[in-house]
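# Structure assessment
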Protein chains: 2
Amino acid sequence: MDSAPAALSLAGRLAAEIGDRHVLTDPGAMAGYLVEERGLFTGTALAVIRPGSTRETAACLRLCREAGVAAVPQGGNTGVCGGGVPDRAVVFAMGRMDRILELDPLNATLTAEAGCTLGAARAAAAEAGFLLPLSLPSEGSCQIGGNLSTNAGGANVLRYGMTRDLVLGLEAALPDGRVLRELRKLRKDNTGYDVKQLFIGAEGTLGIITAAVLKLAPLPRRSLTCLVACDGAAAAMALYARMAARHGDTLSMFEFLPRLGIELVLAHCHGVPDPMEAPHPAYVLLQLDTPLAARDLAAELEETLAPALEDGLVRDAVIGQSGAQDARLLALRERMAEAQTLRGGNIKHDVSVPLSAVAAFIAEAGAACEALWPGVQVLGFGHLGDGNIHFNVICPDPAPTAATAFLAAAPRFNRTVHDIVARFGGSVSAEHGIGLLKRGELARYADPVTLDLMRALKAAIDPANLMNPGKILT
Amino acid sequence: MDSAPAALSLAGRLAAEIGDRHVLTDPGAMAGYLVEERGLFTGTALAVIRPGSTRETAACLRLCREAGVAAVPQGGNTGVCGGGVPDRAVVFAMGRMDRILELDPLNATLTAEAGCTLGAARAAAAEAGFLLPLSLPSEGSCQIGGNLSTNAGGANVLRYGMTRDLVLGLEAALPDGRVLRELRKLRKDNTGYDVKQLFIGAEGTLGIITAAVLKLAPLPRRSLTCLVACDGAAAAMALYARMAARHGDTLSMFEFLPRLGIELVLAHCHGVPDPMEAPHPAYVLLQLDTPLAARDLAAELEETLAPALEDGLVRDAVIGQSGAQDARLLALRERMAEAQTLRGGNIKHDVSVPLSAVAAFIAEAGAACEALWPGVQVLGFGHLGDGNIHFNVICPDPAPTAATAFLAAAPRFNRTVHDIVARFGGSVSAEHGIGLLKRGELARYADPVTLDLMRALKAAIDPANLMNPGKILT
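About the thresholds
- Residues numbered from 1 in each chain as written.
- Chains lettered and ligands numbered in written order.
- Predicted model: local features only at pLDDT ≥ 70, side-chain atom pairs only at ≥ 80, totals over all residues.
- Heavy atoms only, no water.
- Salt bridge = Lys/Arg side-chain N within 4 Å of Asp/Glu carboxyl O.
- Helix = DSSP H or I, 4+ residues; strand = E, 2+ residues; numbered from the N terminus.
- Pairing = 2+ DSSP bridges.
- Least-squares fit on C-alpha atoms with pLDDT ≥ 70 in both.
- Contact = heavy atoms within 4.5 Å.
- Expected span 1.5 Å × (residues − 1).
- Axes fitted to C-alpha atoms, helices over the stretch in contact; angles between N-to-C directions.
- Parallel < 35°, antiparallel > 145°, perpendicular 65-115°, else oblique.
- Left-handed = near helix turned anticlockwise from the far one by under 90°.
- Nonpolar A, V, L, I, M, F, W, Y, C, P; charged D, E, K, R; others polar.
- Bend = angle between axes of the 7 residues up to and from the residue.
- Buried < 20%, exposed > 50% of the residue type's maximum accessible area, 1.4 Å probe, protein only.
- Polar contact = N/O pair within 3.5 Å; in protein donor to acceptor, adjacent residues only side chain to side chain.
- Phe/Tyr/Trp six-rings, centres within 6.5 Å; stacked < 30°, edge-to-face > 60°.

### Considerations on the pattern of salt bridges
Within this structure, the stated rule accounts for 60 salt bridges over all chains. D311(A) is the salt-bridge partner of R242(A), the closest N and O atoms lying 2.7 Å from each other. One end of the pair, R242(A), is in helix α9 (residues 233-247); the other, D311(A), is in helix α11 (residues 297-311), with 69 residues separating them in the sequence. Measuring nitrogen to oxygen at the nearest pair gives 3.1 Å for the salt bridge that ties R259(B) to E263(B). Of this pair, R259(B) and E263(B) both sit in helix α10 (residues 259-268), four residues apart, which is roughly one turn of the helix. When salt bridges that share partners are traced, they join R159(A), D289(A), R295(A), E300(A) and D249(B) into one network.

Right under this line is the structure:
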C-alpha cells in the first residue's frame, strides 16, 4: 500500500519531536504493544512512541492528524477487550509520564501523570496516610490513564465507586493537538458541561488522558475479612440487603463465590486450603473497614450474622483472626481467575443487572447455558454488591481438544447470556468496557438513540476519526 | 414582529398534542413562570405548557423545533441563576409529571418522573426505610428534573456527593423530539460513552430530563449534631482534616459559620438563641450519622474533640441532646440566607477552592473587598468540607438607599473575588450553575479549549440552538 513513505516520514517527524530513542519501529521492540492480555487480538503499528510530557503527547497527536494516521493510546496494556490494540496506527505508550505531580493532604487528592502505575499511586497515597480506593489485581502494571479511560472497577466499587467517582480533574490531549486543561482539585464545580466525564470510559477514542486528580479516602485503621457460607445467590442477596442497611458505611467488599469456584481454586492452585470443615453451596467474602481505630467491627458484624445464622440465611461464617488468615480467605477470590485459566475451556461474560434481579438472572442464565450445551459447568461469581456478575461457562471436558469446539460456540453462549441480561435491564459490559471485543454486542443491545448520540459526540470531538478508531463504535 | 401568527399556530398544535388546558398563553397565568426566584431576570414566553408524559414532552419539543421556536424546561423554578427564564420561548413546566415510578428496595433505587418534588421523593424513600441523600431548603417545590439539570449540591455533599453522584440512569427528550432511554438501574455499566453525564448539570440546554433513577442510602438510625467554636477558617480546616481522617464514614455535614453570620441571625430572625455563653470568632456546625443503632457517636466524637480542645483548635462545643436542641443548632445555618435578605445590601458569590486553599482564600478575598469598599462586612460561610464558600459582601449602611449604590458595584466585587478564586484554582460557580447570571464569568474564567468543547457538544446535540438557548454559553 502507498502509505509507507508517509509513515516513514511521520516516524521521522515524531522522532524530531520526542527524540529517536522514544520512537520504536523495530518489529521486535513493538511486538509487546500489539497484542492484548488474553491474546485475542493482534494489531499492527507504524510506530510505538513514548512521549515524555503533555506537550509532547499533544504535538505528536497533531503530527498524526496531519499525516492522516490513527493514534492509539496505551497504558499498561492490561485491558481485556482489545481497546489498546492498534491497526496500522501510532501507539502512544504513556509509561514515561509516570510522575506523581502532587499529593495535597488537606484536600485529600493525588495528582498524577497518566503513565503512573496504579500501584505507585496507591503507595504514594498510603505513605501520606490515605487510601487511593481503586484496587485491581494488575496494579503493578496498569496505569492511571488507562484506569480512567476504561472507568476501571474492581472489588471496592461497592464502597468507593468506579474510577469515574474518584476523578476530580483531568488533562487530555485532543485529537487536533490541543490540550484540555481541567486538572482541577474541586469537589464542587457547576460551570457548564462537565466535559471531563466524556473522557472517562471513552477508551481513548476522544483523546489521550495525560494526567488526573483523584480523590483519596482516609486510610482504614481497622479492617475485618469474613467468609460466610450460604445456600446460593438468593440467600447472598438477602444477606447483602441486611449488611447494606446496617453496615453500609463500613462494607467495602461483598463478593459471591459458588462452591464450584472454590473447588476450581482447591484443584488448580497450590497452598489454598478449603476454608470450612464442611462444603457449602456458596460463599460470600466480605470486608468491613473503618478509619476509627476504637471500633469493634467483629462485634458489629456478629450482631447481623447471629440472627442470620438463626434464620438459616447464613450456614457458617469464618472471621479472619490474623493477617495470614485474612490472606487465605482473600486468596479464594483472588485466585479464581487463575484457577479457571488452569482448568481451561472458559467462556466469560462480564455483566451486571439490578441487585433485585441478580438471583433470578444467575438461575435463568445458568439453566439456559445448560440447555444449550449439556454438561457445562456454570460459574457466576464476583461483585454481587454491585450487581456485577462474572458469568463464566466451563467446558464439561477439560481436555484441550474438547475446549476448541466448545470455545467455537462462544457466540451462541454470548447471545444466550446477553439476551437474558438485556431482559433484566442489565449491561453486557459491567466493568471491562467494549474495545474491539464487544462492539457487536454494543451495537446489538444499546438503544439506537444512545448509539446515535455516541456517534455524534465522537464526530464532534474527533471529526477525522483518527483517535483510536474502530473501538467502541464500529 | 412577524412571528406572532406562527406562535399562535404553534400554541394550537401544542394544545392538540397535550390538551387545551395544559397550554397557558394568558399573561396572568404565565407570569409566575417568567421570573426567577430573586427577581433578577424577567422573561417572555409564547406559551407555558404542562406535558403529562415523556411522549408528550418529546412531541412538543418536535413541534417547537418545526416552528423554529425555543424551548425552556422548568422544574420548581427555584434556581438562582436564571437558567429557567424564557426569551420568546415555550416554557415546558414539568410539574404534572410527578409520579414515583418505582422504589426497588433490594437495589436501593428510586425511579421518579422529572416533575416529582424532591420532598415527595425523599418522603417515599424514607417510607421504604431509605435516605435520598439530596437535601435542599427548597425541597417542597424544587423538582427532580431540575435537581439533575443543575447538578444540585446542598449540605450533605460531603458524605453523599452531588446530584450527579446519585444518578444511575435517566431519560430525556432530545431537541429533535427523540427520546434518550437510559433509565437504567445499574451500579456498573461500561458500555461506551456515558451520555447521561452530559445532561446532568446542562441546565436544560441539551434536552429535557423526563425521569431519573437515583441511588438511595441506608436510613441513619443514629445521628448527632454538634456546634463547635473556633478561632476562624484556618482552625476549622485543621479540625476538618482530623474529622475526615477519623469520622469520614459518618461525617455528613461540616458547615462554617463566622460570628458575623450568627449575629445576623440573632438580629433578624425570631426565636433563635445565641448558642454558647460567650461569643467566638467562628463556629462549625457538624453532623454525624450512621445506620448502626448500637454506635455511640457522641463517645466517638469526644475522642476527637477532647484533644482538639486541649490544643486550642476548638474553643467550645455543644452536642445536641434532643431533637429540639439539634433543630436550634441547625437553625443557625438554615436561617442565614433569610437573615441576610432581611439585613439587605448583599453581594453574593457561590465559589469553591481546594480545601487546602480555603483559609487563605477567605482571608485574601476578605481583605480585597474591604480595600475596595471601606467598611463592608464580609461573610464567607457554608460547605467548608467541600471547599464551597458562600462568600457574601454586605453594605456597611443598612439603609435601602445606601444599598442601591452598593449593589451597583457588584461587577467590581465579582471581578475582585472571582479573580482571587481563579488564582487559587477555584470555581466561580460551585453549586448554583451558570444560567444567565454567570455566562460572562464562565466566558472569562473557563479555559478556551474547554469552552470550545462545550460549544462543540452543544452544536452536536442541539444544532438548531433551540434548547434553552443563551443559557451557560452566550
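Here the narrative resumes, following the displayed structure.
### Things to note about the sheet that holds strand β2 (residues 44-49) of chain A
Residue and element names in this part refer to chain A. Pairing in this open sheet of four strands is mixed, and the strands run β1-β2-β4-β3 from one edge to the other. Edge strands, defined here as strands with exactly one partner in the open sheet, are β1 (23-24) and β3 (71-74). Relative to strand β4 (residues 87-93), β3 runs parallel, the two being bridged by four bridges. Looking at β4, one finds that A71 is bridged to V90.

### Some thoughts on the relation of the copies chain A and chain B
In the superposition of chain A on chain B (RMSD 0.0 Å, axial shift 0.0 Å), the rotation amounts to 180°. Expressed as an axis order, the relation between the two copies is that of a two-fold axis. For chain A, the minimum C-alpha distance to the rotation axis belongs to D249(A) and amounts to 2.8 Å. Most of the interface of chain A is mirrored in chain B, where 100% of its interface residues again form contacts.

### Brief notes about helix α14 (residues 358-372) of chain B
Between its terminal C-alpha atoms α14(B) stretches 21 Å, which fits the 21 Å expected from 15 residues at 1.5 Å a residue. As for α14(B), its buried residues are in contact with α9 (233-247), β13 (251-258), β17 (350-352), β18 (377-383), β19 (388-394) and α16 (410-423) of chain B.

### Considering the environment of R415(A)
All names here are of chain A. As for its placement among the helices and strands, R415 is situated in helix α16 (residues 410-423). The spatial distance from the C-alpha of R415 to the C-alpha of R444 is 10.0 Å, given a sequence separation of 29 residues. Beyond its immediate chain neighbours, meaning those up to four positions away, R415 contacts R444 and Y445.

### A look at the packing of α14(B) against α16(B)
All names here are of chain B. At their nearest, the axes of α14 and α16 sit 10 Å apart, and the two run at 155° to each other. Taken together, the axis directions place α14 and α16 in an arrangement best described as roughly antiparallel. Crossing geometry of α14 relative to α16 is assigned as right-handed. Contacts from F361, E364, A365, A368, C369 and L372 of α14 reach α16 at R412, F413, T416, V417, I420, V421 and R423. In terms of residue class, the contact of α14 with α16 is built from nine nonpolar, one polar and three charged.

### Focus on helix α11 (residues 297-311) of chain B
All names here are of chain B. Here α11 contains 15 residues, and its C-alpha end-to-end distance of 22 Å stays within 8% of the 21 Å for a straight helix at 1.5 Å per residue. Of all the bends in α11, the largest measures some 30° and sits at E303, one to four residues before the proline P307. Among the residues of α11, L297, E300, L301, T304, L305 and A308 are the ones counted as buried. Packing partners of the buried residues in α11 comprise β12 (222-230), α9, β14 (282-290) and β15 (316-319). Put simply, D296 is the residue that caps the front of α11, since its side-chain oxygen is 3.3 Å from the backbone nitrogen of A298. Directly after α11, the chain includes G312, whose backbone phi takes a positive value near 85°.

### Let's talk about the packing of aromatic side chains
On inspection of all chains with the given rule, the structure shows 12 aromatic pairs over all chains. Between F406(B) and F413(B) the ring centres are 5.4 Å apart and the planes differ by 55°, which places this aromatic pair in the tilted class. The buried category is assigned to F413(B), whose relative accessible area is 0%. Every member of this aromatic cluster is reached through a ring pair, and the members are F361(A), F391(A) and F424(A).

### Side note on the packing of α9(B) against α11(B)
Residues and elements named next belong to chain B. Contact geometry of α9 with α11 gives a least axis separation of 11 Å together with a crossing angle of 155°. What the angle tells us is that α9 and α11 run roughly antiparallel. The element α9 and its partner α11 pack so that their crossing is right-handed. Residue-level inspection shows L239, R242, M243, R246 and H247 of α9 in contact with α11, the latter providing E300, L301, E303, T304, L305, P307, A308 and D311. Here the contact of α9 with α11 is built from residues that sort into six nonpolar, two polar and five charged.

### Points about the environment of S149(B)
All names here are of chain B. The residue S149 is located in helix α5 (residues 144-149) in this model. Sequence spacing of S149 and I200 is 51 residues, and the spatial spacing of their C-alpha atoms is 5.0 Å. What S149 contacts, discounting residues up to four positions off in sequence, is F199, G201, A202, E203, G204 and I209.

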